[in-house]
Amino acid sequence: MNALASRVRAALQDERGSSARGRAFGMIRPKVEQTIAGFPELALNTRRLKLAALDRNAELVSLARERMEANGMRVYVADTFNHRVQIFSGDGAFAAALEGGLFAPRGLAVDRRGRVWVADTGNSAVKIFPGEGGEPLVVGRRGDGKGEFDSPVGIAVGRKGRVYVADVGNRRIVVLDPEGKYLSHFAVDGWRGGAYNEPYIDIDSRGDLYVTDPPGNRVLRYSAEGRPLGVWKPISGGAPLLLFPMGIAVQKDGDAVYVVDCRNHRIRAASKKDFR
C-alpha cells in the first residue's frame, strides 16, 4: 500500500476513531467548531453525513467525492501535486489513477453517469474522464471568454446534470451542460485571484450553490441562476470567526453547511438560515 492509500484508509475510519491516525484526521461526525489535528484543507460529504478532514501532510488539497458503484463505494481524491486523481475502494484500497495530462488538479465531481469531472487548475481547463479509465474530454482553455478558464478550482454537479466551475482567476462561476458545453457564467462578488485562493463549491437538494471565499473569510450562497441569496461571515468582537475557509459540504436534504476553517484548524457548521 502506498503512503497516500494508507492515509485514505485512515480517513475512512468510522466515527469511533479506531486508530490514532483515524482520530487525528479521520472520519468524524460533524460538530460545530470541531477541532482536529493538522491543517485541514478539505471535506468529504458522504451519504452517512460524516465529514473527513485531511491535513496538509497528506498532500490532498481538494474535495474528495464518493460514489456507490457496482463493485462497491469509490472514493475519488485529487492528488494535486502528483498531478493525478486517485480512486480508492470504500476500505481505502487503491483501485485506479487518472492522469490524462493533468497539472495540479484541485476540485472534482462525479456525475450520475460515473464520469469524473476534474478542475485541471494548472492547465486552466476542465477534464471529463469516462469512469476509471480512458482518455479525458478537454473542456475549455486559458482565457476570459465564454467557455474559457483561468485557474479553476472548485467544481460541482447540480440539478439537470449541470456543472458549476469556480473560475477563480476570472472571478466568476461558469455553468456547463452535461456534455461540457458552455451555458453561462455569473460574477462572484469579492473573489480575488492569486496564490492560495482556492474556493470550493457544494450544492444542496434545491440546487442552491454554497461557495467559499477564502480571502474574504466567508461563504456565499447563490441560486442556480447566479442570484445572490446570502452570505455567512460570523464575527465576534469585530474579528472574523472564519479564517480562510476552503472545503465545504452541504447536507443535501437538511439544514447544515459544514466548512473547513483552515487557519483555525477546525470544522465549523452553519444553518442555512445563517446566510443573510
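Refer to the structure above for everything that follows.
Overview of the structure. (Residues numbered from 1 in each chain as written. Predicted model: local features only at pLDDT ≥ 70, side-chain atom pairs only at ≥ 80, totals over all residues. Heavy atoms only, no water.)

1. Things to note about the overall build of the protein
Let me state the cut-off plainly: Each helix corresponds to a stretch of at least 4 residues labelled H or I by DSSP, and each strand to a stretch of at least 2 residues labelled E; elements are numbered beginning at the N terminus. Between buried and exposed lies partly exposed: a residue is buried under 20% and exposed over 50% of the maximum accessible area for its type, with that area taken using a 1.4 Å probe on protein chains only. By the convention used here, residues are in contact when the closest approach between their heavy atoms is within 4.5 Å. Calculation of accessible area relied on Shrake-Rupley with a 1.4 Å probe; when residues are assessed, cover is drawn exclusively from the protein chains displayed.
Per the secondary structure count, the protein includes two helices and 25 strands. Split into buried and exposed, the 276 residues of the protein put 55% on the buried side. The contacts of the protein with a sequence gap of at least 6 include a subset with a gap of at least 24, amounting to 41%. A total accessible area of about 11,800 Å² is found for the protein, and carbon and sulfur atoms account for 47% of it.

2. Observations concerning the environment of isoleucine 128
You can see isoleucine 128 is positioned in strand E11 (residues 125-129). A C-alpha to C-alpha distance of 6.4 Å links isoleucine 128 and valine 118, two positions 10 residues apart in sequence. When neighbours within four sequence positions are excluded, isoleucine 128 is seen to be in contact with Arg115, Val116, Trp117, Pro136, Leu137, Val139, Glu179 and Gly180.

3. Let's talk about the sheet that holds strand E14 (residues 163-167)
As a reminder of what qualifies: We call two strands paired when DSSP finds no fewer than two bridges between them. In this analysis, axes come from line fits to C-alpha atoms, helices being fitted only over the stretch in contact, and the angle between any two N-to-C directions falls in the range 0 to 180 degrees.
With respect to topology, four strands assemble into an open sheet ordered E13-E14-E15-E16, the strand pairing being antiparallel. Only two strands of the sheet have a single partner each, and these edge strands are strand E13 (152-157) and strand E16 (182-187). Adjacent strand axes in the sheet meet at a mean angle of 20° when their direction is disregarded. One ladder, built from five bridges, connects E14 with strand E15 (residues 172-176); its direction is antiparallel. Bridging from a neighbouring strand, valine 165 pairs with valine 174 of E15.

4. Description of the nonpolar core
The test is simple: Here, the term nonpolar core denotes a set of buried Ala, Val, Leu, Ile, Met, Phe, Trp, Tyr and Cys residues that are joined through side-chain atoms within 4.5 Å.
Formed by 31 residues in total, the largest nonpolar core has its most connected members in Ile173, Ile201 and Leu209. Those elements that place two or more of their residues in this core are E13, E14, E15, strand E17 (201-203), strand E18 (209-213), strand E19 (218-222), strand E23 (245-250) and strand E24 (256-261). The residues contacting leucine 209, other than those within four sequence positions of it, are Tyr164, Ile173, Phe186, Ile201, Asp202, Ile203, Leu220, Arg221, Tyr222, Ser223 and Ala224. Formed by 12 residues, the second largest nonpolar core is a distinct cluster that contains Ala96, Leu98, Val116 and Val118.

5. Considering the pattern of salt bridges
As a reminder of what qualifies: We count a salt bridge whenever a side-chain nitrogen from Lys or Arg sits within 4 Å of a carboxyl oxygen from Asp or Glu.
Scanning all chains against the criterion turns up 12 salt bridges. Here arginine 84 and aspartate 79 are joined by a salt bridge, their closest N and O atoms 2.8 Å apart. Arginine 84 gets classed as partly exposed once you look at its relative accessible area, which sits at 21%. In this structure aspartate 79 comes out as buried when scored by relative accessible area, which is 2%. Between arginine 172 and aspartate 167 there is a salt bridge, and its shortest N-O distance comes to 2.8 Å. Residue arginine 172 is classed as buried on the basis of its relative accessible area, which comes to 6%. Linked by salt bridges that have partners in common, Asp111, Arg113, Arg115 and Glu179 make up one network.

6. Structural notes on the side chain of aspartate 111
Put simply, the test is: Here a polar contact is taken to be a pair of N or O atoms separated by no more than 3.5 Å, where protein atoms must pair a possible hydrogen donor with a possible acceptor and residues adjacent in sequence count only if both atoms sit in side chains.
You can see aspartate 111 is positioned in the loop between strand E9 (108-110) and strand E10 (116-120). Among the polar contacts listed, one links the side chain of aspartate 111 to the backbone nitrogen of arginine 113, at a separation of 2.9 Å. A polar side-chain atom of aspartate 111 sits 2.9 Å from a polar atom in the side chain of tryptophan 117.

7. A short note on the pairing of E14
E14 sits mainly inside the fold: five of its five residues count as buried. Neither face of E14 is open: one carries Val163, Val165 and Asp167, the other Tyr164 and Ala166, and all of them are buried. Looking at chain direction, E13 and E14 are connected through four bridges and run antiparallel. In the strand pairing of E14, proline 152 is matched with aspartate 167. Where E13 folds back on E14, the antiparallel hairpin that results is connected by five residues, among which lysine 160 adopts a positive phi of roughly 60°. Here E14 folds back onto E15 in antiparallel fashion, the turn holding four residues, of which arginine 171 has a positive phi close to 55°.

8. Side note on unusual backbone geometry
For asparagine 217, which is not glycine, the phi dihedral falls at a positive 55°. Structurally, asparagine 217 is set in the loop between E18 and E19. You can call asparagine 217 buried: its relative accessible area is 15%. Of note, the phi angle at phenylalanine 244 is positive, near 60°, even though the residue is not glycine.

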